[in-house]
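A structural walkthrough
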Amino acid sequence: MVQSLRSIEALYQYAADTRLKVASRRLQALDAAQAALVGAEPGARWLRIEGLRVDQAGRSIAAASVFVHPRFAAIALPGQGAIYAAIEARFGVEVSEVVQEISAGTMPPAVAASMGRKPRATGLHFLRRYLMADGTTMLVSRNWHPAELFTHTTRLRRGADR
């Protein structure tokens, strides 16, 4: 899969071109590491969604773990499309910023197994924080893509401030 992103709407297009096969959905008390990840207090109960993102051919392209703010825990998950867009439509809120971190590393054993990969398989890890205008975290997603299935393209243009 080749991914090129220039806007929040491009994230929606990526989700629209894929489907999230949900393996689990539950309210979960956050441990210290999870709380730090989402910007909440340890023990806060957030909706946690685990699953596989599959392409139109049915091929697993990413293992997904999503934490949704408790205010939006009643969200009905879309078969296709972005979870954040479903939250926006249902609750009348809006994502104003997405902070994305990309790193390469060894997939956790359970992630590699869920993707049909060998233990210690290399992958790209995407961490995205979806923030509303007041700085509140709407959701945080963590996605592992097998390295051999993913290309990220960035186009840079000379700025007008030149």
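Attention in this report is confined to the structure presented alongside it.

Cut-offs and rules
- Residues numbered from 1 in each chain as written.
- Predicted model: local features only at pLDDT ≥ 70, side-chain atom pairs only at ≥ 80, totals over all residues.
- Heavy atoms only, no water.
- Core = buried A, V, L, I, M, F, W, Y, C linked by side-chain atoms within 4.5 Å.
- Buried < 20%, exposed > 50% of the residue type's maximum accessible area, 1.4 Å probe, protein only.
- Helix = DSSP H or I, 4+ residues; strand = E, 2+ residues; numbered from the N terminus.
- Contact = heavy atoms within 4.5 Å.
- Salt bridge = Lys/Arg side-chain N within 4 Å of Asp/Glu carboxyl O.
- 1 Å grid on protein atoms, 1.4 Å probe; cavity = no way out; pocket = protein on both sides within 12 Å on 5 of 7 lines; lining within 4 Å.
- Points joined across faces, edges and corners; volume = space filled by probe spheres on them.
- Nonpolar A, V, L, I, M, F, W, Y, C, P; charged D, E, K, R; others polar.
- Pairing = 2+ DSSP bridges.
- Axes fitted to C-alpha atoms, helices over the stretch in contact; angles between N-to-C directions.
- Phe/Tyr/Trp six-rings, centres within 6.5 Å; stacked < 30°, edge-to-face > 60°.

1. Considerations on the nonpolar core
In terms of nonpolar packing, the biggest core is built from 21 residues, with Val68, Tyr84, Ile87, Met138 and Leu139 touching the most fellow members. Elements supplying a minimum of two residues to this core: strand 3 (45-54), strand 4 (60-68), helix 3 (83-91), strand 6 (122-132) and strand 7 (137-146). Ranked by residue count, the leading element in this core is helix 3, at 5 residues. Residues within four places of Val68 in sequence aside, it is in contact with Trp46, Leu47, Ile49, Ile87, Met138 and Leu139. One finds Ala35, Leu37, Val38 and Val140 within the second-largest nonpolar core, a separate group that totals 8 residues.

2. A closer look at the pattern of salt bridges
With the rule as written, the count across this model stands at 4 salt bridges. We note a salt bridge from Glu50 to Arg48, for which the minimum N-O separation is 2.4 Å. Note on Arg48: relative accessible area 17%, which makes it buried. When the shortest N-O distance is used, the salt bridge between Glu148 and Arg117 registers 2.9 Å. You can see Glu148 sitting in the loop between strand 7 and strand 8 (151-153) and its partner Arg117 sitting in the loop between helix 4 (109-114) and strand 6, a full 31 residues away along the chain.

3. Topic: the layout of surface pockets
The computed volume of the largest pocket comes to approximately 310 Å³. Listed by contribution, the elements that provide at least two residues to the lining of the largest pocket are strand 3, strand 4, helix 4 and strand 7. Residues belonging to the lining of the largest pocket are distributed by class as follows: 9 nonpolar, 4 polar and 3 charged.

4. A closer look at helix 3
Turning to helix 3, its buried residues are Ile83, Tyr84, Ala85, Ala86, Ile87 and Glu88. Trailing helix 3 by a residue or two, Gly92 shows a phi angle of about 70°, which is positive.

5. Overview of the sheet that holds strand 3
Spatially, 2-3-4-7-6-5 is the arrangement adopted by the 6 strands of the open sheet, whose pairing is antiparallel. Lying at the two open borders of the sheet, with one neighbouring strand each, are strand 2 (19-29) and strand 5 (95-106). For this sheet, the mean inter-axis angle between neighbouring strands, taken without regard to orientation, is 15°. Sheet topology note: the strand 2/strand 3 ladder contains 10 bridges and is antiparallel. Bridge pairing in strand 3 links Lys21 to Leu52. Against the sheet, helix 3 engages strand 2, strand 3, strand 4, strand 5, strand 6 and strand 7, with an angle of about 160° to strand 7.

6. Points about the packing of aromatic side chains
Applying the stated rule across the entire model yields 2 aromatic pairs. Judged by centre distance (5.1 Å) and plane angle (65°), the ring pair of Phe72 and Phe91 falls under edge-to-face. Of the two residues, Phe72 is situated in the loop between strand 4 and helix 3 and Phe91 in helix 3; the sequence distance between them amounts to 19 residues. Relative accessible area serves as the criterion here: at 27%, Phe91 is assigned to the partly exposed category. Here the aromatic rings of Tyr84 and Tyr130 are separated by 5.4 Å at their centres, their planes lie at 25°, and the arrangement is stacked. In this pair, Tyr84 is assigned in helix 3 and Tyr130 in strand 6, connecting sequence segments 46 residues apart. Considered together, Tyr84 and Tyr130 belong to a single accessibility category, that of buried residues.

7. Description of the side chain of His125
Residue position: His125 is located in strand 6. Overall, His125 belongs to the buried group, its relative accessible area being 11%. With sequence-adjacent residues up to four places away left out, His125 is seen in contact with Glu101, Ile102, Ser103, Arg142, Asn143 and Trp144.

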